[in-house]
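A structural walkthrough
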Protein chains: 2
Amino acid sequence: MNIYSFICHVKPRDEHKIDQIFQATLLLVKQKGLAGITMSEIAGAAKIATGTLYIYFESKEKLINELFTQCRKSSVDIYFKDYESSQPFAVGLKRIWFNLLEFRMNHFKESVFMDQCYHSPYITETTKDLTKKMIQPLYKLVERGKAEKELKELDTFMLLIFMVSGINEYVKHSVYSEKKITKASMEDLYNLMWDGIKA
Amino acid sequence: MNIYSFICHVKPRDEHKIDQIFQATLLLVKQKGLAGITMSEIAGAAKIATGTLYIYFESKEKLINELFTQCRKSSVDIYFKDYESSQPFAVGLKRIWFNLLEFRMNHFKESVFMDQCYHSPYITETTKDLTKKMIQPLYKLVERGKAEKELKELDTFMLLIFMVSGINEYVKHSVYSEKKITKASMEDLYNLMWDGIKA
DNA sequence: TTTATAAATGAATATTTATTCATTTATTTG
DNA sequence: CAAATAAATGAATAAATATTCATTTATAAA
């Protein structure tokens, strides 16, 4: 019952399959890295035939790129969830920081995949530039923090990188050592970061 | 004039080639990622024939593994350079932290390569475990810092990860945006970290 | 200078992996 | 239910890549 139903007699495309394919790819990349995946493995993990993969994605490169684009979109959506630039600085900062943490925790496979893509022949410079643009609001927030004398008067990029770097590494370590991340440990990590950057 | 010279008439192996091969591999991995390199490209970049590669390394997997092992060794050597556990805590900490930074800066290709290997089919669990063991002295140092009331009373791994995570991300960003890392910016970053972890 | 030997070469081969395609299956509409 | 059509299949093919090997080159000792 799709848009084409009115003009021709067709078996409709199963849009759920795209998600199956994406999930299978993310799982395999987490397990064996971008260097270790093949199209037939992806098909196998998605429980479809190899040929079916090519109905949905015209090549491996396209598949990787579209998955990257989707991951970036969903990451940015989460980063800025419930964030309003009208909020007080400290509130906005905490909000975004916990959103970043949430994304890394609950979308770990996506994080690993995006990290790997960044140094790969699949992702173009243009795509990388777009990724940078999407974190602009974060940059603005740090600038504001400095202007309001809430943050140390240091290079904005240094502050920004310092703010988020602990998250990536802490979640990575927790996943690999199979340690649960508790609400308390999240707060501890936030406070480490905050004590570092506050004016 | 090697050890075999006394028992047979041979053309000696050019040990310098191993380094050429390693450097070529590191360069290519930095440029296109582990997923993008081929044996013939490595040979080309090392300015030797493809077949010659197989005189020095019996397979691609062996090559990657031996390079990983060498990178890990040299990284650990640098991490603990001029560090003595007899030094006062704060001195030892600063020493190691700057050593970590130096490694990331001056051996950036090695850092990228090791990061990529970690999520790849080339590196075994055993190799990963060994890597963990080699950073034991760092773990001890943090425990000591807590015992001496110099550091916050938080989970040792969290402190450890927090201490080093900024380095990785800051150097990565600086390299890709082609910004020079100055002595002053290094001190700034250290202070961000220190203000976070100090008791 | 000759000889013995392994290094070095790169084209040839083997292997792996991406992609295609002839065939079958499922779905929608008349 | 039949017809029309695209999805789905997986074996076959094409392309890419790892590895081998017959040949040439360089070196060390006699």
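Keep in mind that what you see is a predicted model, and the values were worked out from it rather than measured.

Taken together, the contacts link 37 residues of chain A with 37 residues of chain B. Taking both partners together, chain A and chain B bury about 3,200 Å²; carbon and sulfur atoms supply 69% of that area. Applying the counting rule to chain A against chain B returns two salt bridges. A salt bridge links Asp195 of chain B to Lys152 of chain A, with the shortest nitrogen-to-oxygen separation between them at 2.4 Å. Remark: the boundary between chain A and chain B carries eight residue pairs in polar contact (both at pLDDT 80 or more). Only helix H1 (16-32), helix H6 (108-118), helix H9 (156-176) and helix H10 (183-197) of chain A provide two or more residues apiece to the side of chain A that touches chain B. For the side of chain A that touches chain B, the element with the most residues is H9 of chain A, which contributes twelve residues.

All names here are of chain A. Under the 1.5 Å per step criterion, the end-to-end length of helix H8 (residues 136-147) is 17 Å for twelve residues, consistent within 8% with the ideal 16 Å. Of the positions making up H8, those classed as buried are Leu138, Leu141, Val142, Gly145 and Lys146. Buried residues along H8 cover an arc of 140 degrees about the axis, so they all sit on one side. With respect to the buried face of H8, the exposed residues turned more than 90 degrees away are Lys140 and Ala147. Lining the buried residues of H8 we find helix H5 (89-106) and H9. Looking at the residues trailing H8, positive phi occurs at Lys149, about 60 degrees.

Most often, soluble globular proteins keep nonpolar side chains buried together rather than apart. Formed by 126 residues in total, the largest nonpolar core has its most connected members in Ile21, Phe113 and Ile197 of chain A together with Ile21, Phe113 and Ile197 of chain B. When sequence neighbours within four positions are dropped, the list of residues in contact with Ile197 of chain A reads Leu93, Glu150, Leu151, Lys152, Leu159, Phe162 and Met163 of chain A together with Leu192 of chain B.

So, about the protein's contact with DNA strand C. In the neighbourhood of DNA strand C, 27 residues make up the surrounding shell, with Met39 and Lys60 of chain A together with His9, Lys17 and Tyr56 of chain B lying closest. If you look at DNA strand C and keep only atoms within 4 Å of the protein, 70% of those are sugar or phosphate atoms. Contact between DNA strand C and Thr52 of chain B: a phosphate oxygen at 2.8 Å from a side-chain N or O atom of the residue. Elements supplying a minimum of two residues to the surface near DNA strand C: helix H3 (50-56) of chain A together with helix H3 (50-56) of chain B. Here the surface near DNA strand C gets four residues from one element, more than from any other, and that element is H3 of chain B. When its residues are assigned to classes, the surface near DNA strand C shows twelve nonpolar, nine polar and six charged.

Now for the domain arrangement of chain A. Residues and elements named next belong to chain A. For chain A, the assigned domains read domain 1 (8-57) and domain 2 (64-197). Domain 1 and domain 2 are separated by 29 Å when their C-alpha centres are compared. At the junction of the two partners, domain 1 supplies eleven residues and domain 2 supplies 15 residues. Taken over both partners, the interface formed by domain 1 and domain 2 buries close to 1,100 Å², and the fraction arising from carbon and sulfur atoms is 79%. Inspection of the domain 1/domain 2 interface yields one residue pair in polar contact (both at pLDDT 80 or more). Across the side of domain 1 that touches domain 2, the residue classes tally to seven nonpolar, three polar and one charged.

Parameters and conventions
Residues numbered from 1 in each chain as written. Chains lettered and ligands numbered in written order. Predicted model: local features only at pLDDT ≥ 70, side-chain atom pairs only at ≥ 80, totals over all residues. Heavy atoms only, no water. Contact = heavy atoms within 4.5 Å. Buried area = accessible area lost by both parts, 1.4 Å probe. Salt bridge = Lys/Arg side-chain N within 4 Å of Asp/Glu carboxyl O. Polar contact = N/O pair within 3.5 Å; in protein donor to acceptor, adjacent residues only side chain to side chain. Helix = DSSP H or I, 4+ residues; strand = E, 2+ residues; numbered from the N terminus. Expected span 1.5 Å × (residues − 1). Buried < 20%, exposed > 50% of the residue type's maximum accessible area, 1.4 Å probe, protein only. Arc of directions from axis to C-beta. Core = buried A, V, L, I, M, F, W, Y, C linked by side-chain atoms within 4.5 Å. Near = heavy atom within 4 Å. Nonpolar A, V, L, I, M, F, W, Y, C, P; charged D, E, K, R; others polar. Domains from an automatic or database assignment.

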